[in-house]
Amino acid sequence: MKFHDLNLKGKNYKLDKDLILDAYNLGWDYVNLNYSTENFKKAINYKNELNQEIDEIIANYQNENKINSENKFEFEFGLEINPKSQNELYKLSKKYRNESKYISVLGGDLTINRAACENRQIDVLSRPYFRNRNSCGINHVLAKEAVRNNVAIELCFNDILSSYLSFRAKIMAHFREIIKLYNKFRFPLIITSGASSIWETRSPKDIFSVFKNFGLSQDDLDLCLDDYPNQLIEFNNERENMIVLGVKKINNDY
């Protein structure tokens, strides 16, 4: 089993390196750093250099400590868009789809949530409950659309970690509502740390412990931290040839 955290908050070379190495030390096998549209291109420019340095540091650490891991640690850069309208969401997803292997939409507004769930160019609707005190951000209609278009719904652990009192209780209630919908409709569900610094990162074990209390079984947690993220990654690696998940075009040479 590989543990995936698909939402670390990317900022700059040094902070990104610290976040990635801390995630590795905590036991994650794959992490995705998300950037705004303004910072995404800057990050891509230093990605290869960062990848080389991370590989060297991890290789040296494993050699010194005689660690022989079956899972190769990997990281990727993704894009989080925060559109103000459905039209802007459509334009941004079309513009960046070929530049990024991971596109998430920051949720909260119900019209944006619906547009994201209906858009096959979107990978993840992130935090559909964001800044929404009266609703978890999705319903049975959006749940069906997420299934049909293979859009994952993201629950972010940092929303609990960084909130207090009644606001935290409301976030936890939203999580339970979304998990009830997940149990009924089985849309892809992912759980992330949402960490923007090493002080907010948590281990997979911590995530497991917290989300078991929301009604997710061990099998469900395996799906949320391994299977669903891995399916998303594999789909985007083959996106040009993919028709739907598990079905792709094959060019036969005769």
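As annotated in an unreviewed UniProt entry, the protein is Ribonuclease P from Methanobrevibacter arboriphilus.

## Topic: the overall build of the protein
A tally of regular secondary structure across the protein gives nine helices and nine strands. Over its C-alpha trace the protein gives a radius of gyration of 18 Å, about what one expects of a compact globule, namely 18 Å for 254 residues. Across its three principal directions, the C-alpha atoms of the protein cover 60 × 50 × 35 Å. Considering the protein as a whole, with its 254 residues, one finds that 50% of them fall into the buried category. Residue pairs at least 24 apart in sequence account for 74% of intrachain contacts in the protein once pairs closer than 6 positions are excluded. Only carbon and sulfur atoms are counted for the fraction: they give 47% of the accessible area of the protein, which is about 13,400 Å². Side-chain charges in the protein split into 35 positive and 35 negative, and the spacing between the mean points of these groups amounts to 7 Å.

## Thoughts on the packing of aromatic side chains
Centre-to-centre distance and the angle between the planes together describe a pair of aromatic rings. Scanning the entire structure with this criterion turns up 14 aromatic pairs. Seen from their ring centres, F40 and Y96 are 6.5 Å apart, and the 90 degrees between their planes marks the pair as edge-to-face. One end of the pair, F40, is in helix 2 (residues 37-64); the other, Y96, is in helix 3 (residues 86-96), and 56 residues separate them in sequence. Here F40 and Y96 have matching classes, each one buried.

## Regarding the side chain of N149
Within the secondary structure, N149 sits in helix 5 (residues 140-149). Discounting residues that sit within four places of it in the chain, N149 has contacts with C117, E118, N119 and R120.

## Focus: helix 1 (residues 13-26)
Taking 1.5 Å per residue as the helical rise, helix 1 with its 14 residues ought to reach 20 Å, and the 20 Å between its terminal C-alpha atoms agrees with that figure. In this structure N12 caps helix 1, since a side-chain oxygen of it lies 3.3 Å from the backbone nitrogen of K14. Taken from the residues just after helix 1, G27 is the one with a positive phi, measuring 110 degrees.

## Digging into the nonpolar core
Ranked by size, the top nonpolar core spans 73 residues in total, and within it V31, F77, I178, F187, L189 and F211 carry the most contacts. Of the residues forming this core, the biggest block, seven residues, is contributed by helix 7 (residues 165-185). When residues no more than four places from it in sequence are discounted, the contact partners of F211 are L155, F157, F175, I191, L216 and L221.

## Here's the deal with the pairing of strand 2 (residues 30-35)
Side-chain direction in a regular strand flips from residue to residue, so the side chains alternate between the two faces of the sheet. Here strand 2 lies mainly inside the structure; six of its six residues are buried. Both faces of strand 2 are covered, namely the face carrying Y30, N32 and N34 and the face carrying V31, L33 and Y35. Here strand 1 (residues 4-9) runs beside strand 2; their pairing, made up of four bridges, is parallel. Residue pairing in the sheet places K9 in a bridge with N34 of strand 2.

Calculation notes
- Residues numbered from 1 in each chain as written.
- Predicted model: local features only at pLDDT ≥ 70, side-chain atom pairs only at ≥ 80, totals over all residues.
- Heavy atoms only, no water.
- Helix = DSSP H or I, 4+ residues; strand = E, 2+ residues; numbered from the N terminus.
- Rg over C-alpha atoms; globule rule 2.2 N^0.38 Å.
- Buried < 20%, exposed > 50% of the residue type's maximum accessible area, 1.4 Å probe, protein only.
- Contact = heavy atoms within 4.5 Å.
- Areas by Shrake-Rupley, 256 points an atom, 1.4 Å probe, with all protein chains shown as cover.
- Lys, Arg positive; Asp, Glu negative; His and termini not counted.
- Charge placed at Lys NZ, Arg CZ, Asp CG, Glu CD.
- Phe/Tyr/Trp six-rings, centres within 6.5 Å; stacked < 30°, edge-to-face > 60°.
- Expected span 1.5 Å × (residues − 1).
- Polar contact = N/O pair within 3.5 Å; in protein donor to acceptor, adjacent residues only side chain to side chain.
- Core = buried A, V, L, I, M, F, W, Y, C linked by side-chain atoms within 4.5 Å.
- Pairing = 2+ DSSP bridges.

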